[in-house]
Amino acid sequence: NCTTPVDVYVIYEQLPTSLLKKLTWFNSQFAQLKVIPTPMPAIDRELLNAFKQATDVPYISSYYRLFLPQLLPHLDRVLYLDADTLVIHDLAELWHYDLKGKFLGVVRDEGIGFFSIHPERKTWWADQLLGPHATNYFNAGMILFDCALWRRYSISLYLYQFVLDTIQTYVLDDQDALNLFFYNFVTLLPKRFNYVTKFFNKTPLPLSEITVLHFLGHEKPWRMNFNQPQNQWPAIATYRTIAH
């Protein structure tokens, strides 16, 4: 779902040859798509190991996105997408969105910053992290990076040390790190660019207006036991139609 050619960088530490072949198979099937497997350099793997030793995070790969501006030095802009997202409309608008001199383009996390199972706001995680600015807490499942600006200010140098110093306080891993470090230095984008499906009942949008669907949570549409409320069924059907 893009009107221009797309390079897809798959970042990894170790992948079997058979899987790498499956990834590059896409290159022969789609004229506008190029999949580029990109291994993490040894120096970055060492830093990731340091992150892992400082916390009990089960999936250290979630921190890969912090390395993208340095890992892809030939790119001025990078669009990061979680594996549980689905692009259903043209990405061009998102790709060219004006970030207004900010480092990241992101979408507010309505689950963390707006709604809560707790009656008092002071118990919300975003409130504890950002105080009165909790509603600006963003979801890291879609991030538009201004890599050129990132490198101009040597952000990686400061961010990695910041993570090492604060990682033990995180609840949502590198998403918390990004929210803390880049507070007030992000451009908040319309929610259609990272629309979390479980909020169809709270802040509904028609599928025709959504660019990126995000199946956030433990239940995923590719599992046969997927069991979600009826208002999510059209999104699930869209996923299964495109994926299969």
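Residues numbered from 1 in each chain as written. Predicted model: local features only at pLDDT ≥ 70, side-chain atom pairs only at ≥ 80, totals over all residues. Heavy atoms only, no water.

A.B. asks: Outline the pattern of salt bridges, supporting the account with residue identities and numerical values.
C.D. replies: Where charged atoms of side chains with opposite charge meet at close range, the side chains can pair. Overall, the coordinates contain six salt bridges when judged by the stated rule. In this structure, Asp76 engages Arg151 in a salt bridge whose closest nitrogen and oxygen atoms are separated by 3.8 Å. You can see Asp76 sitting in the loop between helix 3 (68-71) and strand 3 (77-81) and its partner Arg151 sitting in helix 7 (residues 147-152), a full 75 residues away along the chain. A salt bridge links Glu93 to Arg192; its shortest N-O distance comes to 2.6 Å. Within this pair, whereas Glu93 is found in helix 4 (residues 92-95), its partner Arg192 is found in the loop between strand 7 (186-188) and strand 8 (195-196), the two being separated by 99 residues in sequence. (Salt bridge = Lys/Arg side-chain N within 4 Å of Asp/Glu carboxyl O. Helix = DSSP H or I, 4+ residues; strand = E, 2+ residues; numbered from the N terminus.)

A.B. asks: Outline the packing of helix 8 (residues 155-166) against helix 9 (residues 173-181), listing residues and values.
C.D. replies: The contact between helix 8 and helix 9 brings their axes to 11 Å, and the two run at 120°. The angle between helix 8 and helix 9 falls in the class oblique. The handedness of the crossing between helix 8 and helix 9 is right-handed. Note on element contacts: helix 9 touches helix 8 through Ala177, Leu180 and Phe181, opposite Ile155, Tyr158, Leu159, Phe162 and Val163. (Axes fitted to C-alpha atoms, helices over the stretch in contact; angles between N-to-C directions. Parallel < 35°, antiparallel > 145°, perpendicular 65-115°, else oblique. Left-handed = near helix turned anticlockwise from the far one by under 90°. Contact = heavy atoms within 4.5 Å.)

A.B. asks: I'd like a description of empty space enclosed by the protein, backed by residues and values.
C.D. replies: Counted according to the given criterion, the structure contains one cavity of 30 Å³ or more. A volume near 80 Å³ is recorded for the largest cavity. Secondary structure elements with two or more residues in the lining of the largest cavity: strand 5 (104-108) and strand 8. Split by residue class, the lining of the largest cavity holds four nonpolar, two polar and three charged. (1 Å grid on protein atoms, 1.4 Å probe; cavity = no way out; pocket = protein on both sides within 12 Å on 5 of 7 lines; lining within 4 Å. Points joined across faces, edges and corners; volume = space filled by probe spheres on them. Nonpolar A, V, L, I, M, F, W, Y, C, P; charged D, E, K, R; others polar.)

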